[in-house]
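Here is how the chains run, residue by residue.
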Amino acid sequence: MGLNYQSTGERFSREFESEANYIPIETDTLKRSVITRRLTIRSCILVVAFILSLPILFETSAHLRNQCPLSPEARDRMRGEWQKEVLVQENLRHEWQREEEERRHKRDEWQREVEEREHLERERLEQEKRERQKMDMFWDQVRAHRCTTYGTREYTAYLANLPFDYPQRVEACKETQLEIHGKSYFPKHCENQGQRTVMGRWEINHNEPDCVPFWSWFKDKGCTSEGSGKRRFEHYLENLPAGGDWREFCATTPISFHGMHFPGAETCFQYNHGTYGQWEVEDSSC
């Protein structure tokens, strides 16, 4: 068997001619497309992995920064800022305490002033009372007037023994009692009429039988309307005081009937010089 020797120059020459005469085919194009897609997928994977690793990198960086000791200059600067803040807060606290002390002091002053005024007022009233007692003021020309409302009559009187130049006339009127029906009453109103004349007015609702009218017979007026659930009753007012306001006495004269109590009539009217009151009460039969 014979050996086939081939020189290097000849082999290189044939390879060069083979590459020069190479013609691309469809299989080569498909290979390049597959390689390109693989590179694209790898690039996308690398990008996604980098994005997902960013929070870990930031957290690690922050942790490293926190673990790194501050320089002496930075610590001194921070300590100085803290001391300034503490000083500001302390000054604010002292300012608030000072303002609270001022408010407390003002409240104490106001309270002392109020107590002083009340004390002076009590002394003034006591002094006026002693002066009135020395002058022996009393009520004169006591008169009973008309009935004003149920069980109530008006009285008037004039303050006697009043000095001509006495300045507190109305105050003397308010502080002087009048005895009526065995009881003492201060006036309800005082009128300074000048020329040493002060009149007091009273409204007495004790032991005034002539001012007490009453309801007599009553009439059932029937249901107010069909399905209303209410029934109307009517009463006649007896013993109406002469000169009295019939509307006032009708509205203030109490009554009780059918187990119910009313302070006065719900509706009032007059018929043939008589005064009548009406009430509407619940009634399921209506």
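Attention in this report is confined to the structure presented alongside it.

Procedures and definitions
Residues numbered from 1 in each chain as written. Predicted model: local features only at pLDDT ≥ 70, side-chain atom pairs only at ≥ 80, totals over all residues. Heavy atoms only, no water. Salt bridge = Lys/Arg side-chain N within 4 Å of Asp/Glu carboxyl O. Helix = DSSP H or I, 4+ residues; strand = E, 2+ residues; numbered from the N terminus. Buried < 20%, exposed > 50% of the residue type's maximum accessible area, 1.4 Å probe, protein only. Disulfide = S-S within 2.5 Å. Polar contact = N/O pair within 3.5 Å; in protein donor to acceptor, adjacent residues only side chain to side chain.

Here we look at the pattern of salt bridges
Then step 1. Applying the stated criterion to the full structure yields 15 salt bridges.
Then step 2. The partner of Arg104 in a salt bridge is Glu100, with the nearest N and O atoms 3.8 Å apart. With Arg104 and Glu100 both in helix α3 (residues 72-135) and four residues apart, this pair spans about one turn of that helix.
Then step 3. With relative accessibility at 34%, the residue Arg104 sits in the partly exposed group.
Then step 4. Relative accessible area serves as the criterion here: at 28%, Glu100 is assigned to the partly exposed category.
Then step 5. With a closest N to O distance of 3.4 Å, Arg231 and Asp220 form a salt bridge. In this pair, Arg231 is assigned in strand β8 (residues 230-238) and Asp220 in strand β7 (residues 214-223), connecting sequence segments eleven residues apart.

Section: the state of the cysteines
Then step 1. Enumeration over the complete set of coordinates arrives at four disulfides.
Then step 2. Here Cys223 connects covalently by a disulfide to Cys286, the sulfurs 2.0 Å from one another. Sign of the S-S torsion, about -80° for the bond between Cys223 and Cys286, identifies this disulfide as left-handed. Here Cys286 lies in the segment after β12 (274-282) and Cys223 lies in strand β7, a separation of 63 residues in the sequence.
Then step 3. Assessed through its relative accessible area of 11%, Cys286 is described here as buried.
Then step 4. Here Cys250 is linked by a disulfide to Cys268, with a sulfur-sulfur distance of 2.0 Å. Around the S-S axis, the bridge from Cys250 to Cys268 shows a dihedral of about -95° and counts as left-handed. Highlighted residues: Cys250 in helix α5 (residues 246-252) and Cys268 in strand β11 (residues 267-271), separated in sequence by 18 residues.
Then step 5. When its relative accessible area of 25% is taken as the criterion, Cys268 is described as partly exposed.

Focus on the environment of Glu208
Then step 1. Examined against the element boundaries, Glu208 turns out to sit in the loop between β6 (197-204) and β7.
Then step 2. Remark: the alpha-carbon pair of Glu208 and Tyr150, spanning 58 residues in sequence, is separated by 9.2 Å.
Then step 3. One polar contact links Glu208 to Tyr155, side chain to side chain, over a distance of 2.7 Å.

Taken by themselves, the reported measurements are silent on function.
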